[in-house]
Every structure is written in structure tokens, then in C-alpha cells.
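Chain by chain, the residues run as shown.
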Protein chains: 2
Amino acid sequence: MCLLVYDITHDGTRGKVSEACLDYGLQRIQYSAFLGDLSRTHQEELFRKVRKRLGKKEGKIQLFPLCERDIRQRLEVINAPV
Amino acid sequence: MCLLVYDITHDGTRGKVSEACLDYGLQRIQYSAFLGDLSRTHQEELFRKVRKRLGKKEGKIQLFPLCERDIRQRLEVINAPV
């Protein structure tokens, strides 16, 4: 599994990065956080693509591999819109 | 180590959650993502606090423990503002 989070100012670039994440089968767990099951090779491939899409534009993209134990121990609260 | 990410609509609540993260010594690595070294007990304590601050308001907070190996293997690009 892996978690990809980003902070990108430019709207178009942000859209392209989120599209790439969805293309790789990641699930959008927050507006700018994606979680999914990817081999290390695919993690690196996806990361190369999104880094290329960001180019030199302002922003941050971080991809964290998550082992089974880390995933199991996550804590979360999800409140739907009122 | 742990990574806390949130997606919170209400400005005041978002501010209080980020304050709590900083109080626990986490580092702000993105606008809504915090990373830091916390024992499991402190992870749970921080999570209880931020969940309480969110209350029933719309939003998501997720805390992922990260083992040493997962941290080492993270991929990141950080571009400063142009």
C-alpha cells in the first residue's frame, strides 16, 4: 500500500496529478490524499509521472509506502457533511 | 514516526487541529499534513484530542503510523514558490 499527498497551487497541475493517482488505482481518501495498493515499481513509476507533471511549478508531492502493520494501526475519523 | 493528514472545512477547527499537531512536536510538511516522531501512546492521545476538536463537524482526520522502513522509502519532490 502507499499514501500519496500533495500540496499544489496550480489548478490544472493539481487536476493532472489527481488524475494520475486515480489512473493507478489509488483511492481518494481526502481532497489531496490518495491511498492504494501499488507495487514498489508502480509507486516509483507513478511518482516519476506526477513529478514530471509538477515540473518546476510550486508544490509538494510526497509518497509514503505503508506496510501492512502501519495500515492496520491507522486512526481515522470521517464525518460526512452536515 | 507518524503522519497525520486532515481535510477540514471549518477554518477555526482546522486551525485548532493544526495547533494540536504542532503542540505534539509534529512538523508541518504540507498545508494539511504533519509528520513527526510520536510514541503510540502519544499518537492515540493526539488523535483523541483532534477528534474531539472536530466533534461532529464535517471533515476527515487520518493518522498513519510509519515504520522506519516506510519513512526511508518515501519519495518526495518539494518545489519552492517561483
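Rules and cut-offs
Residues numbered from 1 in each chain as written. Chains lettered and ligands numbered in written order. Predicted model: local features only at pLDDT ≥ 70, side-chain atom pairs only at ≥ 80, totals over all residues. Heavy atoms only, no water. Pairing = 2+ DSSP bridges. Helix = DSSP H or I, 4+ residues; strand = E, 2+ residues; numbered from the N terminus. Patch = residues over 30% accessible without salt bridge, like charges linked within 9 Å, V, L, I, M, F, W, Y side chains within 5 Å. Areas by Shrake-Rupley, 256 points an atom, 1.4 Å probe, with all protein chains shown as cover. Salt bridge = Lys/Arg side-chain N within 4 Å of Asp/Glu carboxyl O. Lys, Arg positive; Asp, Glu negative; His and termini not counted. Charge placed at Lys NZ, Arg CZ, Asp CG, Glu CD. Buried < 20%, exposed > 50% of the residue type's maximum accessible area, 1.4 Å probe, protein only. Expected span 1.5 Å × (residues − 1). Arc of directions from axis to C-beta.

Colleague: In this structure, what is going on with the pairing of strand β2 (residues 27-30) of chain B? I would like to understand it.
Modeller: Across a regular strand the side chains alternate sides, sitting on one face of the sheet and then on the other. Residue and element names in this part refer to chain B. Relative to strand β3 (residues 33-36), β2 runs antiparallel, the two sharing three bridges. Across the sheet, the residue bridging to R28 is F34, located in β3. Between β2 and β3, which follow one another and run antiparallel, lie two residues.

Colleague: Looking at this structure, how should I read a positive patch on the surface?
Modeller: Residue and element names in this part refer to chain A. The grouping of K16, R48, K49, R51, R53 and K57 at the surface amounts to a positive patch. With four residues, the top contributor of residues to the positive patch is helix α2 (residues 40-54). With respect to the helices and strands, the residue R51 is situated in helix α2. For R51, a relative accessible area of 40% gives the class partly exposed.

Colleague: How do you make sense of helix α2 (residues 40-54) of chain B when you look at a structure like this?
Modeller: An α-helical turn contains 3.6 residues, so a residue and the one three or four places further along point in the same direction. Residue and element names in this part refer to chain B. Between its first and last C-alpha atoms α2 spans 21 Å; for 15 residues at 1.5 Å apiece the expected length is 21 Å, and the two agree. Turning to α2, its buried residues number three or more, namely Q43, L46, F47, V50 and L54. Seen from one end, α2 has its buried residues packed into an arc of 105°, which puts them on one side. Among the exposed residues of α2, those pointing more than 90 degrees away from its buried face are T41 and K52. One or two steps after α2, the chain reaches G55, where phi turns positive at roughly 60°.

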